[in-house]
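Observations on the three-dimensional arrangement
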Amino acid sequence: MNLPKLFLTSFLLLAAILAFSQKKSAYVSGKVVDDNENPLANVSVILLGQSKGISTNDSGYFRIKVEAGKAFALVFSYAGRKSEQKNFLLNEDEEETITIRLEKGVNTLEEVVITDQRDRREAGLIRPNPKTVINLPSAITGVESLIKIFVGSNNELTSQYSVRGGSYDENLIYVNDFEIFRPYLVRSGQQEGLSFINPEMVRNINFYNGGFQAKYGDKMSSVLDIQYKKPKRFGGSAYIGILEQGLQVEGTDNHSKFSYLLGVRNRSNRNLLSRQDTKGNYVPSSADFQALLAYQFNPKWQAELLSNISQTKFTLIPQFSQLTTSVFSPVFSATIGVDIFFEGREKDEYQTNMLGVAITNQASKKLRLKWMASRFENDESENIDIIGAYLFGERDFDKRNPTYGLIVNPLGAGVYQNWARNELNIENWNVSHKGNYDPGKHAFQWGLSFDKTSISDKLNEWEFQDSAGYALPYQPNMLQLSKVLKSTADLDINKFSGYLQDNILFGDSIHAVTFTAGLRFNYNSLNKELLISPRIGASWKPNWKKDIVFRAAAGAYHQPPFYRELRRYNGAINTDLQSQKSWQGVAGFDYNFKGIGGRAMRWTTEAYYKSISDVVPYDIDNVRIRYFGENNAKAYAAGIEMRLHGELVEDAESWISLGIMKTGEDINGDHYYRYKNAAGEFITAQSTDPVITDSVRFDVGWLRRPTDRRITFGMYFSDYLPTNKNFKMYLNLLYGSNMPYNITNSVRYRNAAVIEPYIRCDIGFSALLMDDDRSKRRSHSPFRNFDNIWASLEVFNVIDRANTISYLFVKDFSNTVYLMPNRLTPRLVNFKIVARW
C-alpha cells in the first residue's frame, strides 16, 4: 500500500472511531462603562432572542459563555441609559474582549445596533476571517493563499500575487504597522520559503485590492494590513505535517501588563518538488522565529516590540528532465519532446532579519499618538553552475512500441550552461510617527516617515548555448556567450513621506454618507523626485429596505523605483529612473441579504480603471521579474470584480470570487521591419530569393501586459457531515484564463507565446480528535490541558493538472524556437495534526 492510501485508510478508521458530536463554546468578556469611563455595575447582558444572561459585577466586568461558530448578539441594558447591541461570530475557544459605553437616554430603553461598517464603506477593502487561513487547503500555508482566492493565481509555490493587472512588486504588506519586504533574487517559486506572516499569530486581516486611502504607502496595486494577536491569557498551538511544522505560544503576566506572542516554524517543500519534471536531489528548507512583546505602562502608554529571524536555503542537484510541448516557429509547428541530462548544482540562501519598536500614547479618548522605529535586512546569495545536454525531436507516444517515451526522430541536440555568483544585501531603517484625532463627525489621521535604504549588489552571471554544434549567437572562428551580466552597485537612498487625511461622517452610523479626503507626499534622494498624491473616497447607505452601501474612490497612486526596477536587462543601474505614475478610479456596492435558509450573505461588486504613465516594462519568468530599466511605456487596466461571502451551508463560511480584467501597454517606439525581395514578397526562411530590395516598418502598438489574465475565479467552500459537525471538508478552487508569456528581446514576437489556463483544486478533510470537555480526561492524562486536537488530510491538485508556469526556450541553428513548458506540482497528499491549549 502506497503512502497516500495508507494516510487515507488511517484517517477514515480514526474518523469512524471518534465519531461524536459536541457543542463548541467561545467567550465574550469585557467592561461596561458610562460616558465618563466609570464602571457600571448590574448591567444586564442578555443573548438576543433568549432569556438567559448575566449581569456585570461591581467593577463593570462580565464574562459570558456562548456557542461558537454561530452568529449571535448581546444586548446591554441599564435603567436610564440607552441599550446597545453587539454582534459576534466567534470560532471555537475564541475569546473576544470588548468595552461597552452606555449613553444617557430617555426613560424608555431603545435598542441601538452597533456594527462595524468599515469593510462596507471603504472601496477595495476585504476583511476575511483569519481562522479561514488555518483551514484552507493549499500547498503554501499562509494568508497569501487566501488572498489568491480574491485576486487569482498562476503559481501555488509562491506567496506572491498579482492584483488587478499589477506586478508582484506593486503590493504593500504591513504587520502591526511595520512595512515588510520580500527577498528579491528569487527566480522560481520552488526557491521560496516561508511567508513573513505567521497565520497562527494573526488577529485581523485588512486587504485592499485598490482605492486605498492616503495613509497607506507608495505602491500602485494593493495593501495587505495584518494585525497580530493581543494575548489575554496563556495559550498556544502546535502542528505537525508532512510539509510544515510549527509552534505558537502566547500569554501575559499576573498583572496583565506584559504580554508575549511567540511563533516558530519549519518547512520543507521536498515532497512537493520531488515529482516535478526536472528530477534530481531537491533540498529546500526554511525556518523562522517571530516574537511580539508588549508592555502596558499605564492606561495611556504602551510599548511594543516585533522581531523576526528567517532563513531559507535551497539546493538542487538536477539529474534529468523530460519535457513535451508544441513548437513555436514561423516555419512549422509540431509536437516534440526534449530530454535533458544535467550536471552541476544550484545553491541559494536568503536571510531576513527584522526588528521594530513602537510606543503608543492614548493621550485622551479622542487623541492617539504612535512613534515607530524599525530595521529590516535581506541578505541573499545565488550560486549556480549547471550544464544541460539535450536532445529534441518527435517523441513516441504509442505504448505498444518498445520506444515509448523516447525521442525517435531527432531534430537537433545541444548543450547549455548557466553560471551565476550573485549577492545582494538590502538594509532599510525607518523612523515614523502616526496620529489619530477623532472629535466626533471627523476623524483626522496624519503621519510622517523617514527611510534610509542601503543596497549592495554584486551581479555576476553568464549563459552559454551550443545548438547543433554551433555556439549561439554564431560567430565564425569565435566562441561567444549568449548572455553576460557583470556589475556592482552600492546605493544609499533617503526617502521622506507623509500623509494627512480626514474621514467625515454625515448622518447617523446606520444611514450615513462618509467622505474621505487625503493627501500623500513622497520624496527620495535617488532621483530627487517629489510626488504628491491626492486621494478621495466616499460611501452612501440609503434608507432603503434593502441593506446596500454604494462606495467609490479615486486618486493618484505613484510608485518610486526600488532595486529591481532600477536594473536594466544588461545589469546596469539606471539611477535616473522616474516613478511610475497612475490615476485610478473604483466604484461599486456592497449588498447584505438573506440567502438559502435565511442565512446572512454579502454580495460585493466593484468596477475599476487604471491609467498608468512612465511605465517601466518588464517580463516575468516564473516569479522573477526582469525590468527594462526605462520609463518608456504607458499602460492601462480595466475590469470588474464580484464576490459572494456567507454561509452557503449553515455554520460554514464560504467565499466565491469572479474577476474580469483587461490590461495592456504601449512601449514607446516599439517597431520591427520585414524585408521584401525583387518580386515584392516578404522574405522568410523558405524564400528562394533572399536578396533584400525593400523593407516595411511595422509599429507594434498596444500589447497584453505579462499579467493580463482576462478571467479569474476563486472559491473557498466549507462543509461538514450533516449528522456530525466534527467532521469537516474544505475546498479551494482556482481558475485563471490564459496569459501572455513574452519572448525576451523580440519585438515582433513579444506576445507570441501563451501560458494555458491555470486550474487548481485542493481539498482538505478534518476530524476532531479531542474536544474541550476536560471532565472526561484523567488527571494523569498528558492531554488534560489541551483545548482540542484536530487531524487533517489534504489532497493538493486533486485533478492532477499539469499547469505551466514558464517556458524553456530551445533554439537550433536555423533560429527555430522550441518552447518547453516548465510545469508546476502534480497531485500530492499532506497529513497534519493540530493541537491547541
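Our structure is the block above this text.
Everything in this summary refers to the structure shown in the same document. (Residues numbered from 1 in each chain as written. Predicted model: local features only at pLDDT ≥ 70, side-chain atom pairs only at ≥ 80, totals over all residues. Heavy atoms only, no water.)

Overview of the overall build of the protein
Going by this rule: Think of it this way: any DSSP run of H or I at least four residues long counts as a helix, any run of E at least two long counts as a strand, and we number them from the N terminus. Three exposure classes are used, based on accessible area relative to the maximum for each residue type with a 1.4 Å probe and protein chains only: buried under 20%, partly exposed in between, and exposed over 50%. Note on definitions: a residue-residue contact is assigned when non-hydrogen atoms from the two residues lie within 4.5 Å. Every accessible area reported is derived by Shrake-Rupley at a probe size of 1.4 Å, with residue values counting cover from the shown protein chains alone.
Within the protein, the secondary structure is distributed over six helices and 45 strands. Counting the 837 residues in the protein, one finds 52% classified as buried. Nonlocal contacts in the protein, meaning residues at least 24 apart in sequence, comprise 68% of its contacts between residues at least 6 apart. As presented, the protein carries roughly 37,400 Å² of accessible surface, and 56% of it is formed by carbon and sulfur atoms.

Here's the deal with the pattern of salt bridges
Between side chains of opposite charge, a pair can form when the charged atoms approach closely. Under the convention used in this document: In the sections that follow, a salt bridge refers to a side-chain nitrogen of Lys or Arg positioned within 4 Å of a carboxyl oxygen of Asp or Glu.
For the structure shown, the criterion picks out 36 salt bridges. Two residues, Arg568 and Glu630, come together in a salt bridge whose shortest N-O distance is 2.6 Å. Here Arg568, found in the loop between helix H6 (563–566) and strand E28 (581–594), pairs with Glu630, found in the loop between strand E31 (624–627) and strand E32 (633–649); they are 62 residues apart in sequence, far enough to count as distant. Look at Glu630 and you get partly exposed, because its relative accessible area is 29%. Of the charged contacts, one joins Arg704 and Asp708 as a salt bridge, the two residues approaching to 2.6 Å between their closest N and O atoms.

A look at the sheet that holds strand E11 (residues 178–179)
The pairing of strands in a sheet comes from backbone hydrogen bonds and takes either a parallel or an antiparallel form. Counted only if it meets this: Criterion used throughout: strands pair if DSSP finds at least two bridges between them. Helix axes are fitted to C-alpha atoms over the stretch in contact, other axes to C-alpha atoms as well, and angles between N-to-C directions run from 0 to 180 degrees.
Pairing within the open sheet is mixed, and its five strands lie in the order E9-E12-E13-E10-E11. Two strands close off the open sheet at either side, each with one partner strand: strand E9 (125–126) and E11. Running over the sheet, helix H4 (residues 143–151) touches E9, strand E12 (202–208) and strand E13 (222–228) and is turned about 30° from E12.

Digging into the side chain of Asp666
Inclusion rule: Positive charges are assigned to Lys and Arg, negative charges to Asp and Glu, while His and the chain termini are left out of the count.
Turning to its location among the elements, Asp666 is positioned in strand E33 (residues 652–667). Buried charge without a partner: Asp666 forms no salt bridge, and the closest opposite charge is Lys634, 4.5 Å away.

Overview of a nonpolar patch on the surface
How we decide: By definition, no residue in a patch forms a salt bridge, and every one has over 30% relative accessible area; like charges are joined within 9 Å, nonpolar side chains (Val, Leu, Ile, Met, Phe, Trp, Tyr) within 5 Å.
A surface patch of nonpolar side chains, about 660 Å² in accessible area, is lined by Phe506, Val513, Phe515, Ile536, Trp540, Trp544 and Phe550. Those elements that provide at least two residues to the nonpolar patch are strand E25 (512–524) and strand E26 (529–540). By the secondary structure assignment, Trp540 is in strand E26.

Some thoughts on H4
Here H4 lies mainly inside the structure; nine of its nine residues are buried. Listed in full, the buried residues belonging to H4 are Val143, Glu144, Ser145, Leu146, Ile147, Lys148, Ile149, Phe150 and Val151. A positive phi of about 90° marks Gly152, the residue just after H4.

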